[in-house]
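The residues making up each chain are set out below.
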Amino acid sequence: MVIDDNAADARARTRDSSKIRQTGPRGLTSAEVAERVARGEVNDVPVRSSRSVTEIVRANVFTRFNAIIGVLWVIMLSVAPIQDSLFGFVILANTGIGIIQEWRAKQTLDSLAVIGEARPTVRRDGNAVAVPTSEIVLGDLIEIGPGDKIVVDGSCAEADGLEIDESLLTGEADPVIKRPGDAVMSGSFVVAGGGAFTATKVGREAYAAQLAEEASRFTLVHSELRSGISTILKYVQWMMIPTALGLIISQLVVKDNDLKDSIARTVGGIVPMVPEGLVLLTSVAFAIGVIRLGRKQCLVQELPAIEGLARVDTVCLDKTGTLTEGGMDVTELRLLGDRTGDETYEAYVRKVLGALGESDPRPNASLQAIIDAYPDSVDWRCTEALPFSSARKYSGAAFSEGDGTDSAWLLGAPDVLLPADDPALAATEELNQRGLRVLLLARAPEGLEGAGVVESAEPAALVVLEQRLRPDAGDTLGYFAEQDVRAKVISGDNAVSVGAVAAKLGLEGRAVDARTLPEDPEELADALDDGTVFGRVTPQQKRDMVGALQAHGHTVAMTGDGVNDVLALKDADIGVSMGSGSEATRAVAQIVLLNNSFATLPSVVAEGRRVIGNITRVATLFLVKTVYSVILALLVVCFQVEYPFLPRHLTLLSTLTIGVPAFFLALAPNKERARPHFVRRVMRYAIPGGAVAGIATFVMYLIARHYYAGSGALAAETSSATLTLFLISMWVLAIIARPYTWWRVGLVAAMGFGFLLVLAVPWLQEFFALRLVGSVMPWTAVGVAVVAAGLLEFLWRWVGRRFPA
């Protein structure tokens, strides 16, 4: 029997199964367990929170673009000086960084997964002991209660009002009542009552294990960022093939140049088309995000959840365990009817409440407060129990009292157990408006079963409970308001009471009784837009609310820790569970707050926004390079001229204008909410930016070809074109780095200083084959770059207005 709709705190209580163990099966003996382990009859399904080291290395090394770059690198090592092969060493360094960062993220995830691992209670040698899931053996007797996930297949051995939700496996919405002998399936979870079952299938033979054989907890669910980058890379690959073929033919066949120099310039034209660093930076940014959140005791079970929460515009909060702490205190016992002031009857009611507390081996916060306030009546014996159900909103028990009298009692929501015109509801309303929680104790003269239980209930007393607010909840709600994320409080408690709690935390808005909400999804979505606090919400309604909000185009995060939150958590775009929540909620949530602190959520949102916003920034940098590389190659093929650059030139440009700046920009703070249409947002700037850079550079190259003559002409032409492309790329970087901060200005300035250093130091000039000849062409290059920069500014603003994100 559970008194409210939140099973989270029941997980933290000591399970009192002594009564069951005295009369029920004692479970396996230690010798029997050892025998089964020796036979391999153990639940040894590997539960991984991340990829293995081998998979990490394979994913980072064996990529399509690494293969392309690797082949070109081997060619360059055989035909050109080492400085033309620098791009290969850069790829090695980048790949190494990616492997190290993801390995660090794996260590963080694995350590957090151990902390948050479920430990079912099994009965061995007559004692209840908590063991890791992997140590359950065939034939183990496993005790279960509200919020527990069924971890292996089995047969029900004991049932005390046991109801199990199998919807995640079968799609059947209604909980299934289980009796001894009934089968229970792994992957389902307990919503009411308690009992025990015998493990009949463990390891890979269990039903849920078969469903998840090819998947691990670390799943790559849909990510717009990942799919967008994959789409971009697919198009880049198709552009590269014909462009590279045309470049090879024009450099090796049409132009009668030195073979090695032609090969070097051909490779120099192909390499910059590959945005290889974009994939790496995305992985690194996600990995560092996991590490940062791990330090705050936040387990990210699915990596794209970081991205998903950054896109959230609506967060649905469960009150109990999220806005309030688990503990409660009884502040008043108010007798009803003509019994007011009757001290003898009050003493009797206290005995009833004490017996109700004793009847539940797994008391949650509300019942624990009653147990603490009213001691057990040792001469009362519980003969029947009705477990709490989120749909019923009440629980009950029948007793044989010390004098031989039999009685049955209900404990639950006053507005459910009382008729609408009962005067006690006015008192309840007044207490709810003060943010107090109120339970009604009522006698059930017709027993606990039957359709008329509620109608025949005789109200006896109101139990007034005071909830403890989380000290950090107000600041967290304030953060969401500042970030334009709407908060919706969805609770099974009385709407007025929940509204009062929310108001104390600074969350203003209309409180709505969910029983008055329309069933039509469109009308429900409109009602959700109008309201802020919703009370008396059933588990199915929570799920419907999430679906209605999503249908209206909202990205929804759902927080919760009780079994009544599981369905909504599963359907939400991002499910967030408390570490002390039920096993079921932790299993379906993408993010688990192991420190049980709602205040951690802003960190998760901020980390997601940092990753998505910054990757969008740096993706533009990488793709501008890809676009101008393709355009330069096409112009070279069309005009039948030598490719203007050697690989060393583009390695230098890529390092100073993309590689180093992108790394810092990708890890910088960014609070802007992630917006959809990643590919469109990136390409709308990359295409015009790359086109301007490519055309302006080629124009300067042609001007230099007409100006210079003689044996050193090509080197001088290349230097002028390199200067032009560097200045234009720097301007693109300067645009991407906005809005400016001191470190962003310093970053851009440092990259410019690096290029000046190459031009000023003789041995660097020689190493990179960069030497500006005369003053006419260098200043012409500056002039062309200035015109291109002005055009970039115009196009950037025009694109922003013409193609808003």
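The text that follows walks through the structure, step by step, so that each part is easy to find. (Residues numbered from 1 in each chain as written. Predicted model: local features only at pLDDT ≥ 70, side-chain atom pairs only at ≥ 80, totals over all residues. Heavy atoms only, no water.)

**Some details on a negative patch on the surface**
Piece 1. On the surface, D520, E522, E523, D526 and D530 cluster together to form a negatively charged patch.
Piece 2. Mapped onto the secondary structure, D520 falls in the loop between β17 (511–513) and α19 (521–530). (Patch = residues over 30% accessible without salt bridge, like charges linked within 9 Å, V, L, I, M, F, W, Y side chains within 5 Å. Areas by Shrake-Rupley, 256 points an atom, 1.4 Å probe, with all protein chains shown as cover. Salt bridge = Lys/Arg side-chain N within 4 Å of Asp/Glu carboxyl O. Lys, Arg positive; Asp, Glu negative; His and termini not counted. Charge placed at Lys NZ, Arg CZ, Asp CG, Glu CD. Helix = DSSP H or I, 4+ residues; strand = E, 2+ residues; numbered from the N terminus.)

**Considerations on the side chain of E163**
Piece 1. Structurally, the position occupied by E163 is in strand β4 (residues 153–165).
Piece 2. Those residues in contact with E163 that sit more than four places away from it in its chain are P175, V176, I177, F189, V190, V191, A192 and R392. (Contact = heavy atoms within 4.5 Å.)

**Side note on the sheet that holds β17**
Piece 1. The mixed open sheet is built from eight strands, whose spatial order is β8-β21-β20-β19-β9-β16-β18-β17. Looking at strand neighbours, the two that pair on one side only are β8 (298–300) and β17, the edges of this open sheet. When the angles between neighbouring strand axes are averaged without regard to direction, this sheet yields 20 degrees.
Piece 2. Two elements, strand β9 (residues 314–317) and strand β19 (residues 556–560), share three bridges in a ladder whose sense is parallel. In the strand pairing of β19, T314 is matched with V556.
Piece 3. Helix α18 (residues 495–504) rests against β16 (486–490), β17 and β18 (533–535) of the sheet, and its axis sits at about 145 degrees to β18.
Piece 4. Strands in contact with helix α20 (residues 539–551) are β9, β16, β18 and β19; relative to β19, the strand with the most contacts, it is inclined by about 160 degrees. (Pairing = 2+ DSSP bridges. Axes fitted to C-alpha atoms, helices over the stretch in contact; angles between N-to-C directions.)

**Things to note about the packing of aromatic side chains**
Piece 1. Evaluated as defined, the whole model comprises 13 aromatic pairs.
Piece 2. An aromatic cluster of at least three residues, connected via ring pairs, comprises Y345, Y348, W380, F399 and W409. (Phe/Tyr/Trp six-rings, centres within 6.5 Å; stacked < 30°, edge-to-face > 60°.)

**Here we look at the pairing of β19**
Piece 1. Extensive coverage of β19 is indicated by the burial of five of its five residues.
Piece 2. The pairing of β19 with strand β20 (residues 574–578) spans four bridges and is parallel. Pairing of G560 across the sheet is with S577, part of β20. (Buried < 20%, exposed > 50% of the residue type's maximum accessible area, 1.4 Å probe, protein only.)

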